[in-house]
Amino acid sequence: MTATQAEVPAIAERTEPATADAPVAAPAPAETPLPVLEAAEALPPAAEALPALEAGAELGSEPATAAEAPPAPAPAPQPPTPSRLSLTDRRLQWEAGRGCPETLRQAVSRWQDRDGRLTLNETEALDELVAVAARCGHRLIVDEAVWQQLALKGDLRQRIAHLEACFPQGLEAAEFEGAAAGPLPARPAQREAAFFAACAGACLLADAEGLEPERELALAWQLVQRHFGARQVAVRLRGEADEALRTRWQALLAPLSADASVQLLHPGEPLPAGLDVLIVDQRPGWLALPAEEDTAAPWLWVLAPEDGLQTHPAEAEAWLGRLDRLGTGAVAQGLAAATPDALGPLLLQRGWAEVADQWPAWAPEERAVAWPDETRQRHAQALAVATPLLARWQRSGFLSDSDQLALRAQLAQAEAAEREAALVALPELLTEALGRGLSRVVLFAEADAAEEMTAWAELLNEWLAAAGWQAQVLPMANREADAALRRFRDAEGPSLLLVADGLPGSEPRIPTAPRLPLIVHLDRPWDEAQRERRLQRLRLPRAQRAVPVWQLLPEDSLAARRQHLPAPQAGTPVTGRLRRGPALQAWLAGLAACLLPAQPEAVPAV
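Residues numbered from 1 in each chain as written. Predicted model: local features only at pLDDT ≥ 70, side-chain atom pairs only at ≥ 80, totals over all residues. Heavy atoms only, no water.

Draft legend 1. A look at the pairing of strand 6 (residues 261-265). Inspection of the sheet shows strand 5 (residues 232-236) paired to strand 6 by five bridges, in the parallel sense. Counterpart to Val235 in the pairing with strand 6 is Leu264. Between the parallel elements strand 5 and strand 6, the chain passes through helix 9 (residues 243-252) in a crossover that is right-handed. (Pairing = 2+ DSSP bridges. Helix = DSSP H or I, 4+ residues; strand = E, 2+ residues; numbered from the N terminus. Right-handed = clockwise from strand over helix to strand, strands pointing away.)

Following this line, the structure appears as C-alpha cells:
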C-alpha cells in the first residue's frame, strides 16, 4: 500500500471502543519520527492496484492474486477438400470432403440404404449429384469405374426393354433355327432361361438335365446374335471332356450367319480377341476360377449341375462372386446366407418337377438315314415285284389270299432292307445320343426281325466297343427276360436293348429309371396301335416327360413315304397272318398311296 494508505489502519485492525468495565491499557510509547526520505525508504514497496470489487463481493474478501489469461486465438480456417465417389469391390463408396455442403449431403442421402451404402442404379442419378455439387461450388470427384458400373446396370435395363419391344406378344413369338430348335418346340421354361441369359449378361444356370440347359444357352446365343449383334461365342470345357459333348455343343451353337464363329476352349487357353459370349461348362466338374481377364466377355454364362451349389458351395460362391458384375453383394456374407431375391439376378435353378407338365410324355423325331448301295437295290427290286400285284387290286378291287401272301412277302423283303440300312447308321446316332446324356437305348423292331437280333447284337458290340456300349437282346421267355432287363437297367456304361414285338399282353415291361431312355423304332409297323404298344412297355417315373423317340427312315423308303400320309384311323389290331375286311382295305389303300401314281379324279358325265 502507499504511504497514505499506511497511515490508515485496515478495517480488520481497528479496535472496538472499550467498555466502562474494561481495563484501560497503558499508552504505547511514541516512535521517533524519521525523516521524510528515510520514511519513504523504510516503507514496503507499493502493492499493485487492486481490481475493483465485483458486485456482490463481500467486503474484506481476498482479492484475486492474478488476472485471467486472455482466450487463445481461433485457428485459421482449413481449405475445403473435394468429396469423392469411388468403387471398391464393385460397391459404390461415398466420401464427403471437408466443407461438403449440406445440400449435397442431403442429395446423396436419397441414394443411401439403411446401412449407408449407395444404391445408385443409373447414370442420370449420378449426373444429378454432379450438378448439385457444381451449383454449390463444391468439387465432386467421380472415378471412371463408377460410370462403368452404372453403365452395366443401364445395359441390363436396355437389353430387357429391347427384347420386350422385339416380342410384344411374349416369348412364344420367338423363332429359332437349327439343332437348337430341337425336334420339339422350345418349352416356356426353356424360353425363359434363354431370355434370362440374354438379358442378364453374366449368370449361372443350374437347371435340371431334363430342361436341356445346354439347349437353353444355345437359344440365348441365337437371341444375342439376332438382336444384339453378337458374332463370336466360345465354350470352355474341361480338358477331358468327351468328344460327344464337343459335338453336341458344335451342333447346338451353329451360327446364324457366315461371319459368326464358334470355338471350344481348353482350361487356360486365352480368350479370342473380340469375344462376345463365353460359356463355361462346369457340369463335368468345377473349373478353378480363372483370372478376371479370362472371363471378360460381355455375356458370361456358367453351366453347373442341378445340385452343384449344394455339393460344391465354395466353388459356386467364388463363381457367383465373379458373376456379380453389378455389385449387388448377393454372396458377400457367403452363399449360405444369400437369399433367393438377392441371387435372382445371378442364378437360375429349377428342378424338373417344377416344369415337367410343360412337356408331353413323348418327343418323337424323324431321323433320316442314308442307303448303302447294295441294300438300296434289294429294296427297289422288292417294291418292283409288289407294285403289279397292287395295281391289279386297284383296277379290280379284288385281291386273293395268294396275292396277299405274295405281296406281304415282297414287302417283308423291302422292310428288311430298310432295317439293315437303319442298323448301319445306328453307331453314329448312338454317339449323338450319348452326347445328349442318353445312355439307355431301347431298339424296337417287328417280330419278323427276332431271329436276326442276335447277329445284330454281336455286330453292334463290335462297332460300339470303343464307346463302351453293351448291346443285348431281350429274350422272349419271361424268366430269361427278367435277368436281361436287370442287366440293362443296372449297367455301369451305356446299354442298348434290342426288342422284338410280341403278342399283346405277353410283352414284359422295360425299366430304365432313373435314367432318361431313348426309344428307337428301327422300322415302322403298319399298325399304329403296335407303335403305341411299344411305348407303353416302358416303365418310366411319373415325373419323366418328353422321352425322345426316334423313327429311323431311310431316304425314299416305304416307311419314309408313309410319314406323309394321313394317320390311319385306329382299328382292331391285326393278330393273324392275313388281313380281312376293313383292315385289308385300309392296308391296301395305304400301300397304293405310297407305291402307285395318283389316280385322276373321275369326271362326271354331262
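Next, the rest of the story.
Draft legend 2. A look at the environment of Asp523. Examined against the element boundaries, Asp523 turns out to sit in the loop between strand 15 (517-521) and helix 18 (528-536). Looking at Asp523, the relative accessible area reads 6%, which means it is buried. Taking C-alpha positions, Asp523 is 8.7 Å from Ala416, a pair spaced 107 residues apart along the chain. For Asp523, the residues in contact, after removing those within four places along its chain, are Arg419, Phe444, Ala445, Glu446, Arg534 and Gln551. At 3.0 Å, the side chain of Asp523 and the side chain of Arg419 are in polar contact. (Buried < 20%, exposed > 50% of the residue type's maximum accessible area, 1.4 Å probe, protein only. Contact = heavy atoms within 4.5 Å. Polar contact = N/O pair within 3.5 Å; in protein donor to acceptor, adjacent residues only side chain to side chain.)

Draft legend 3. Spatial organisation of the nonpolar core. Grouped together as the largest cluster of nonpolar side chains are 39 residues, with contacts concentrated most on Trp221, Val224, Trp249, Leu253, Val277, Ile279 and Trp301. If you list the elements that add at least two residues to this core, you get helix 7 (188-200), strand 4 (202-205), helix 8 (213-228), strand 5, helix 9, strand 6, strand 7 (277-281) and strand 8 (299-303). Membership of the second largest hydrophobic core comes to 28 residues, among which are Met453, Leu464, Ala500 and Leu518. (Core = buried A, V, L, I, M, F, W, Y, C linked by side-chain atoms within 4.5 Å.)

Draft legend 4. Structural view of empty space enclosed by the protein. One pass over the structure, following the stated rule, counts one cavity of 30 Å³ or more. In this model, the largest cavity occupies a volume close to 40 Å³. Lining the largest cavity are Glu415, Glu418, Asp523, Arg524, Trp526, Leu558, Ala559 and Arg562. Counting residues per element, the ones that place at least two in the lining of the largest cavity are helix 15 (401-435) and helix 19 (558-562). Looking at the lining of the largest cavity, the element that brings in the most residues is helix 19, giving three residues. Here the residues of the lining of the largest cavity sort into three nonpolar, no polar and five charged. (1 Å grid on protein atoms, 1.4 Å probe; cavity = no way out; pocket = protein on both sides within 12 Å on 5 of 7 lines; lining within 4 Å. Points joined across faces, edges and corners; volume = space filled by probe spheres on them. Nonpolar A, V, L, I, M, F, W, Y, C, P; charged D, E, K, R; others polar.)

Draft legend 5. The arrangement of the pairing of strand 13 (residues 495-500) in detail. By the criterion of burial, strand 13 is predominantly enclosed, with six of the six residues buried. One ladder, built from four bridges, connects strand 12 (residues 470-473) with strand 13; its direction is parallel. Along strand 13, the bridge assignment pairs Gln472 with Leu497. With helix 17 (residues 478-490) bridging strand 12 and the parallel strand 13, this β-α-β connection has right-handed handedness.

Draft legend 6. Expanded view of the pattern of salt bridges. Under the criterion given, the structure shown has 31 salt bridges. With a shortest N-O distance of 2.7 Å, Glu128 and Arg110 are connected by a salt bridge. Of this pair, Glu128 sits in helix 4 (residues 123-135) while Arg110 sits in the loop between helix 3 (102-109) and helix 4, and the two are 18 residues apart along the sequence. On the basis of relative accessible area, Glu128 is assigned to the partly exposed category, the value being 32%. A salt bridge links Glu192 to Arg350, with the shortest nitrogen-to-oxygen separation between them at 3.4 Å. Of this pair, Glu192 sits in helix 7 while Arg350 sits in the loop between strand 9 (347-348) and helix 13 (352-355); the two residues are 158 residues apart in sequence, bridging distant segments of the chain. Residue Arg350 is classed as buried on the basis of its relative accessible area, which comes to 9%. (Salt bridge = Lys/Arg side-chain N within 4 Å of Asp/Glu carboxyl O.)

Draft legend 7. Local environment of the packing of helix 15 against helix 16 (residues 453-463). Taken N-terminus to C-terminus, the directions of helix 15 and helix 16 make an angle of 25°; their axes are 9 Å apart at the nearest point. One element, helix 15, and the other, helix 16, form an angle in the roughly parallel class. As for the relative orientation of helix 15 and helix 16, their crossing is right-handed in sense. The segment helix 15 lies against helix 16, with Arg419, Leu423, Val424, Leu426 and Pro427 engaging Trp456, Leu460 and Trp463. Residue composition of the contact of helix 15 with helix 16, grouped by class: seven nonpolar, no polar and one charged. (Axes fitted to C-alpha atoms, helices over the stretch in contact; angles between N-to-C directions. Parallel < 35°, antiparallel > 145°, perpendicular 65-115°, else oblique. Left-handed = near helix turned anticlockwise from the far one by under 90°.)

Draft legend 8. Quick look at unusual backbone geometry. Following Ala513, the chain continues into Pro514 via a peptide bond in cis, with omega recorded as 5°. As for its position among the elements, Pro514 is in the loop between strand 14 (510-511) and strand 15. If you check the backbone angles, Asp89 has positive phi at about 55° while not being a glycine. Inspection of the secondary structure puts Asp89 in the loop between strand 1 (83-88) and strand 2 (91-95). The backbone of Ala546 shows a phi angle near 55°, a positive value even though the residue is not glycine. Looking at the secondary structure, you find Ala546 in the loop between strand 16 (538-539) and strand 17 (547-554).

Draft legend 9. Local environment of the sheet that holds strand 2. With mixed pairing, the three strands of this open sheet are ordered in space as 2-1-3. Strands at the two margins of the open sheet, each flanked by one partner only, are strand 2 and strand 3 (140-142). The sheet shows a mean angle of 20° between the axes of neighbouring strands, taken without regard to direction. Here helix 4 sits on the sheet in contact with strand 1 and strand 3, set at roughly 155° to strand 3.

Draft legend 10. Fine view of the packing of aromatic side chains. A complete count under the given rule lists three aromatic pairs for this structure. Aromatic pair Phe167 and Phe195: ring centres 5.5 Å apart, planes at 75°, arrangement edge-to-face. Taken as a pair, Phe167 in the loop between helix 5 (144-166) and helix 6 (178-181) and Phe195 in helix 7 lie far apart in primary sequence, 28 residues in all. We note that Phe167, like Phe195, is buried. (Phe/Tyr/Trp six-rings, centres within 6.5 Å; stacked < 30°, edge-to-face > 60°.)

Draft legend 11. A look at the sheet that holds strand 8. Taken together, six strands build an open sheet; the order of strands is 6-5-7-8-4-9 and the sheet is parallel. Looking at which strands have only one partner, the edges of the open sheet turn out to be strand 6 and strand 9. Bridge count for strand 4 against strand 8 is four bridges, and the pairing is parallel. Directly across from Leu204, in strand 8, lies its bridge partner Val302. Each of strand 4, strand 8 and strand 9 touches helix 7; the most contacted strand, strand 4, lies at about 150° to it.

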